[in-house]
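# Reading the structure
Spelled out, the chains give:
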Amino acid sequence: MNPRTADSASAPAWDPKTLLVAGGRPAHGYDAPVNHPVTFTSTYHSKGQAAPGERVYARFSNPTWDPFEQVLGELEAATLPALVFSSGMAAIAAALSIVPEAGVLVMPRHSYNGSLALSSELQEAGRLSIRPVDIANTEEVLAALDGADVLWVESPTNPMLEVADLPALLAAAKAKNIVSIVDNTFATPLLQQPLNHGADLVVHSVTKYLSGHSDVIMGALVTSDEQLHSRLHGYRTLHGAIAGPMDTFLALRGVRTMSVRIDRSQSNSQVLAERLADHPKVQAVRYPGLPSDPGHERAAKLMGGFGSVIAFEAGSSAQEADRVLEALKLITGATSLGGVESLAERRARHASEPASVPASLIRLSVGIEDVEDLWADLDQALEQL
């Protein structure tokens, strides 16, 4: 199937903040709707030989996908629309399918634990081999690329917030004819656009900042490579990893406000990170916006902001960190991130999290609440120690 675009014309001159609001809209016209309607259908009128681009069946295509795929593709500076998937994990599975049989995958030792778990499962099955690396150590990553087939980059990493030198790593991968995949969920296309640095494929958990309201499970892939786009579209179709039309509609509605949401949550994050760094009950803080953070200089140079996730060690044990989390009243104890509400959890509570993640490390996804209310909640919870 050929990729489709929404009715509105592409406007590459628009600032991303404008594109978020104005992209993927129906054509202007008398009595025309401002938003695309949701299309609930399992099939389409179709006769004779199916032509390229014909919808035919809703597992191949849905008009509700088109505007979201257009907007996300343009946000990531791609020449093709994005591809939506039923979940972030579905998108990750499709991306990992690119690794050839018995191929070598270079991957950060700290990554989204779903990515780590699935790639480990594939390794155990003999499907591929993993070379774990400290993605912030450029020389280590470059050395690991020899004989590799795919480079997987996450920057900042989940949950340790390490920052990669994207231009250097992606250029090296391209020089060695290695396919490069970047999970851009934490940064979003507002803070970095990996395709502009030479990435072949970008992964998103749409569940997080793109939809932004903790009410949608969705993923997406973005590429400017027509052959790769066609292959991944085929994977999505054959594996049935398709997004529902209502979820896609909600994700597009959510993406309209991403700029203002991230502006507020980043502003809150900077204040909270600075105060946490000075708190006597906090052992360590990772946030690229702190001048003392190992990734600060690189993030300031390569990214358009420092993001809205803070990692900090509360106390010196899992039990102490859990006491802090149990004492929170405003901030919700829950997994996930990127919503309008602040969420916190002790990451090592997940058995799939790498052993190098400290037992007392709390990942705080900062929302858009009043920053003084957030700090008051954190401070009183830390005082339980």
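Please refer to the structure placed before this passage.
Each residue is numbered by its place in its chain's sequence as written, counting from 1. Where local features are concerned, this predicted model is filtered to residues with pLDDT of at least 70; where side-chain atom pairs are given and counted, the filter is 80 or more; whole-chain, interface and lining totals use all residues. Just so you know, side-chain values use all the structure's heavy atoms and leave hydrogens and water out.

### Details of the sheet that holds strand β7 (residues 219-222)
- Overall, mixed pairing links the seven strands, which are arranged β1-β7-β6-β5-β4-β2-β3 in an open sheet. Two strands lie at the open edges of the sheet, namely β1 (83-85) and β3 (128-133), each paired on one side alone. The mean inter-strand angle of the sheet, taken between neighbouring strand axes irrespective of direction, is 20°.
- Pairing of strand β2 (residues 103-108) with β3 involves six bridges; the strand directions are parallel. Paired with Met107 across the two strands is Pro132, which belongs to β3.
- Sheet strands in contact with helix α4 (residues 113-124) are β2, β3 and β4 (150-154), and its direction is about 140° off that of β3.
- Across the sheet, helix α8 (residues 226-239) is in contact with β1, β6 (201-205) and β7; its angle to β1 comes to roughly 25°. Two strands qualify as a pair provided DSSP detects at least 2 bridges between them. For helices the rule is a DSSP run of H or I covering at least 4 residues; for strands it is a run of E covering at least 2, with both sets numbered from the N terminus onward. An axis is simply a line fitted to the C-alpha atoms; with a helix, the fit covers only the stretch in contact. Between two such axes, the angle follows the N-to-C directions and lies from 0 to 180 degrees. Here, residues are in contact when the closest pair of their heavy atoms is within 4.5 Å.

### What about the packing of aromatic side chains?
- Note on aromatic pairs: the rings of Phe, Tyr and Trp (six-membered ring only in Trp) are paired at centre separations within 6.5 Å, and the planes decide the class, stacked below 30 degrees, edge-to-face beyond 60, tilted for the rest. Throughout the structure, instances matching the rule amount to one aromatic pair.
- With a centroid separation of 6.0 Å and 70° between ring planes, the pair formed by Tyr57 and Phe60 is classed as edge-to-face.
- Residue exposure (1.4 Å probe, protein chains only): buried if accessible area is under 20% of the type maximum, exposed if over 50%, otherwise partly exposed. Classification of Tyr57 by relative accessible area gives partly exposed; the value is 37%.
- The exposure class of Phe60 is partly exposed, given its relative accessible area of 23%.
- A positively charged side chain is recorded as over a ring if its NZ (Lys) or CZ (Arg) lies within 6 Å of the ring centre. The angle to the ring normal must also be within 35 degrees. Directly above the ring of Tyr112 sits Lys208, whose terminal nitrogen or CZ lies 5.8 Å from the centroid.

### Side note on the packing of helix α2 (residues 65-75) against helix α9 (residues 245-255)
- The geometry of α2 relative to α9 is characterised by a closest axis approach of 9 Å and an angle of 40° between their N-to-C directions. Judged on the interaxial angle alone, α9 and α2 are oblique. Where α2 crosses over α9, the handedness of that crossing is left-handed. Counting all contacts with α2, which are made through Trp65, Pro67, Phe68 and Val71, the residues of α9 involved are Thr248, Ala251 and Leu252. We call two directions roughly parallel when the angle between them is under 35 degrees, roughly antiparallel when it is over 145, roughly perpendicular when it lies between 65 and 115, and oblique otherwise. We call a crossing left-handed when the near helix sits turned anticlockwise from the far one by less than a right angle, and right-handed when that turn is clockwise.

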